[in-house]
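# Fold and contact review
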Amino acid sequence: MTLFTEFRVKVGTPVKLGDDGYGEARIVPILGGTVAGPGLCGVILPGGADEQRVRPDGLTRIHARYVIEAEDGALIRVDSQGLRHAAPEVMAALSRGENVDPGLVYFRTVIRFETAAPTHDGLNRTLFLAQGARQPDAVILQLTAL
């Protein structure tokens, strides 16, 4: 599969809402970031969020929403849903904000774009698969078209 683009999403400290019986709910603020690759370039605007559910076994369901401003000024909404999991000791290290070898973590999301910009209408018609890596203050997503 060919790389479409790479997101470097800057994230803030998670807001932990507690466990309501469906897993620990938390919201991770999206502070900004960059988009760079052959298919799309731009910046990630601050103000989005990644709403997560974390099960006791460490399985994390991810649902992030944020906006990209493309190099041509077009605004593109991102809706990203996926899963992240690893061995308990690896998930614990991630939770502590440590750098972890991405090869030890299953981290995939399906990304759907929405835009009113005619020059980017093809994004409205394509789904993307992203392989992710969590860093202490950022998430790296490498997108390929499905």
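On a predicted model such as this, the values are computed, not experimentally measured, just so you know. (Residues numbered from 1 in each chain as written. Predicted model: local features only at pLDDT ≥ 70, side-chain atom pairs only at ≥ 80, totals over all residues. Heavy atoms only, no water.)

Remark: the centre distance and the inter-plane angle together describe each pair of aromatic rings, the angle taken between the planes. Across all of its chains, the model carries four aromatic pairs by this definition. Ring pairs connect the aromatic residues Phe4, Phe7, Tyr66, Phe113 and Phe128, which therefore count as one cluster. For the cation-ring pair, Arg84 lies above Phe107, with the distance from its terminal atom to the ring centre recorded as 5.4 Å. We note Arg108 situated over the ring of Tyr106; from NZ or CZ to the ring centre the distance is 4.8 Å. (Phe/Tyr/Trp six-rings, centres within 6.5 Å; stacked < 30°, edge-to-face > 60°. Lys NZ or Arg CZ within 6 Å of the ring centre and 35° of its normal.)

A separate point is empty space enclosed by the protein. Counted by the stated rule, this structure contains one cavity of 30 Å³ or more. For the largest cavity, the calculated volume is near 50 Å³. In terms of lining, the largest cavity is formed by Arg84, Leu94, Val100, Pro102, Val105, Phe107, Gly132, Ala133 and Arg134. Of all the elements, strand S9 (residues 127–135) adds the most residues to the lining of the largest cavity, at three residues. In the lining of the largest cavity, the residues fall into six nonpolar, one polar and two charged. (1 Å grid on protein atoms, 1.4 Å probe; cavity = no way out; pocket = protein on both sides within 12 Å on 5 of 7 lines; lining within 4 Å. Points joined across faces, edges and corners; volume = space filled by probe spheres on them. Helix = DSSP H or I, 4+ residues; strand = E, 2+ residues; numbered from the N terminus. Nonpolar A, V, L, I, M, F, W, Y, C, P; charged D, E, K, R; others polar.)

This brings us to the pairing of strand S5 (residues 48–54). Here S5 shows a clear split, with Gly48, Asp50, Gln52 and Val54 buried on one side and none of Ala49, Glu51 and Arg53 buried on the other. Where S5 lies against strand S6 (residues 60–70), six bridges are found, and the strand directions are antiparallel. Within S6, the residue paired with Gln52 across the bridge is Ile62. (Buried < 20%, exposed > 50% of the residue type's maximum accessible area, 1.4 Å probe, protein only. Pairing = 2+ DSSP bridges.)

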